[in-house]
Amino acid sequence: MTMMMTMMKVCVLLLCVCGVSSGRRLRLGNCTVNVHAHELRQHFHTIRQSMVVQDSLMGIKLLKSDIMEDVQTSESCCFLRHLLRFYVERVFGSQAAPQALQRRTTGVLANAFLSIKKQLRQCHDQAHCQCGEQSRVKMEAILTSFDKLEATAAVVKAVGELGSVLEWMDAFNQGKDTPTEATHG
């Protein structure tokens, strides 16, 4: 049974990273990326409860609503690129998950974020992804809040708030997303 579960998780990882499964096109200003939101949500929900239990700072939020709301369309690509970099480098890169399932799940999430970040980087390189003051200020606020916390608590808090990132992507693209068959490989 455990071997079957492992094989299923590897298949989902390959689908997320290689872009073989269907995804949704997320339009961020002049940039369009393919996002496998359903798979991201499944993996987040796998670890969410353990993160909530470990979170002793319930009154503190890193991804405050005033930061996540009102991102200008023209800067949405840049904001998401920096936010995903933060998660890949500062959060997933620092997490020492005690359980094998948590380690695998955060690894899958990190790889999926890297795939999206790569697409965003291509948009940036083609001048389709504008970075302005708003993105810089919002990311500075997130990093400042993160750095004020003890390292382990900050990582637990950030992983526990991944749902806010996924909700932001859904809300930002609401009414604009188009189911698509991925074409990357």
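Just so it is clear, the model here is predicted, and its values are computed rather than measured.

Trainee: What is the right way to look at the overall build of the protein in this model?
Mentor: Within the protein, the secondary structure is distributed over eight helices and three strands. Within the protein, the proportion of its 185 residues that are buried is 44%. Taking as baseline every contact in the protein between residues at least 6 positions apart, the subset at least 24 positions apart corresponds to 84%.

Trainee: Please clarify how the pattern of salt bridges should be interpreted in this entry.
Mentor: Working definition: two side chains of opposite charge can pair if their charged atoms are close together. If you walk through the whole model with that rule in mind, you get six salt bridges. Lys157 serves as the salt-bridge partner of Asp55, at 2.7 Å between the closest nitrogen and oxygen. Taken as a pair, Asp55 in the loop between α2 (37-54) and α3 (65-68) and Lys157 in helix α7 (residues 151-160) lie far apart in primary sequence, 102 residues in all. Judged on exposure class, the residue Asp55 and its partner Lys157 are both buried. One connected set of salt bridges, linked through shared partners, spans Glu133, Arg136 and Glu140.

Trainee: Would you mind showing me how to read the confidence of the model for the protein here?
Mentor: The predicted coordinates ought not to be read in detail in places where the model reports low pLDDT. Looking at the protein as a whole, its pLDDT mean stands at 79, while 79% of the residues score no less than 70. Ranking the elements of the protein by mean pLDDT puts strand β3 (residues 178-181) last with 34 and helix α6 (residues 133-148) first with 94. Note that residues 1-21 has pLDDT below 50 and, in this model, 27 contacts with residues that lie over four places away or in other chains.

Trainee: Whenever I open this one, the state of the cysteines confuses me. Can you help?
Mentor: Linking two cysteines covalently through their sulfur atoms gives a disulfide. Applying the stated criterion across every chain yields a total of three disulfides. Each sulfur in the disulfide pair Cys31 and Cys123 lies 1.9 Å from the other. With the S-S bond torsion at 80 degrees, the cross-link from Cys31 to Cys123 turns out right-handed. Taken together, the residues Cys31 in strand β2 (residues 31-35) and Cys123 in helix α5 (residues 100-125) connect sequence positions 92 residues apart. Using a relative accessible area of 0% as the deciding quantity, one classes Cys31 as buried. A disulfide bridge connects Cys78 with Cys131, and the sulfur atoms are separated by 2.0 Å. Sign of the S-S torsion, about 105 degrees for the bond between Cys78 and Cys131, identifies this disulfide as right-handed. Here the residue Cys78 occupies a position in helix α4 (residues 73-92), and Cys131 occupies one in the loop between α5 and α6, the gap between them amounting to 53 residues.

Trainee: Explanation requested: the packing of aromatic side chains in the structure shown.
Mentor: The relative placement of two aromatic rings is captured by the distance of their centres and the angle of their planes. Within the structure shown, the criterion is met by six aromatic pairs. Measuring from centroid to centroid gives 5.4 Å for Phe79 and Trp168, while their planes differ by 65 degrees, and the two rings are edge-to-face. Of this pair, Phe79 sits in helix α4 while Trp168 sits in helix α8 (residues 162-173), placing them 89 residues apart in sequence. The exposure classification of Phe79 matches that of Trp168, with both residues buried. Here Phe86 and Tyr87 contribute two aromatic rings whose centre-to-centre distance is 5.2 Å and whose plane-to-plane angle is 75 degrees, an arrangement assigned as edge-to-face.

Trainee: Before we go on, may I ask you to explain the nonpolar core in this structure?
Mentor: For soluble globular proteins, nonpolar side chains are generally found buried alongside one another. Core analysis: the biggest nonpolar cluster contains 49 residues, and Leu83 and Tyr87 have the highest contact counts within it. Among the elements that line this core, the one with the most residues is α4, at eleven residues. Among all residues touching Tyr87, those that are not within four sequence positions of it are Leu63, Phe92, Gly93, Phe113, Ala158, Val159, Glu161, Leu162 and Val165.

Trainee: Even after reading the chapter, I still don't get α2, so can you show me in this structure?
Mentor: Quick reminder: α-helices carry 3.6 residues per turn. Residues three or four places apart thus point the same way. With 18 residues, α2 should cover 26 Å at 1.5 Å per step; its first-to-last C-alpha distance of 25 Å lies within 8% of that length. Of all the bends in α2, the greatest, near 40 degrees, is centred on Arg48. Every buried residue of α2 is listed here: Ala37, Glu39, Leu40, His43, Phe44, Ile47 and Met51.

Reading guide: rules and limits
Sequence order sets the numbering: in each chain, residues are counted from 1 along the sequence as written. Local features in this predicted model are restricted to residues whose pLDDT is 70 or higher, and side-chain atom pairs enter the listing and the counts only when it is 80 or higher, whereas totals over whole chains, interfaces and linings include all residues. Side-chain descriptors were evaluated using all non-hydrogen atoms of the structure, hydrogens and water having been removed beforehand. Elements are defined by DSSP. Helices are runs of H or I of four residues or more, strands are runs of E of two residues or more, and each kind is numbered from the N terminus. Type-normalised accessible area, obtained with a 1.4 Å probe on protein chains alone, sets the label of each residue: buried when under 20%, exposed when over 50%, and partly exposed for intermediate values. Note on contacts: a residue pair is in contact if any heavy atoms of the two residues lie within 4.5 Å. The salt bridge criterion pairs a side-chain nitrogen of Lys or Arg with a carboxyl oxygen of Asp or Glu, the two atoms within 4 Å. Each residue gets a pLDDT score, which is the predictor's confidence in that residue and runs from 0 to 100. By convention in this document, the label disulfide applies to cysteine sulfur atom pairs within 2.5 Å. In this scheme Phe, Tyr and Trp rings, the latter by its six-membered ring, pair at centre separations within 6.5 Å, and the angle between planes marks the pair as stacked below 30 degrees, edge-to-face above 60, and tilted otherwise. What we call a nonpolar core is a set of buried Ala, Val, Leu, Ile, Met, Phe, Trp, Tyr and Cys residues that are connected through their side-chain atoms within 4.5 Å. In this scheme, a helix's expected span is set at 1.5 Å multiplied by one less than its residue total. Consider a residue and the seven residues that end there alongside the seven that start there; fitting an axis to each set, the bend is the angle between those axes.

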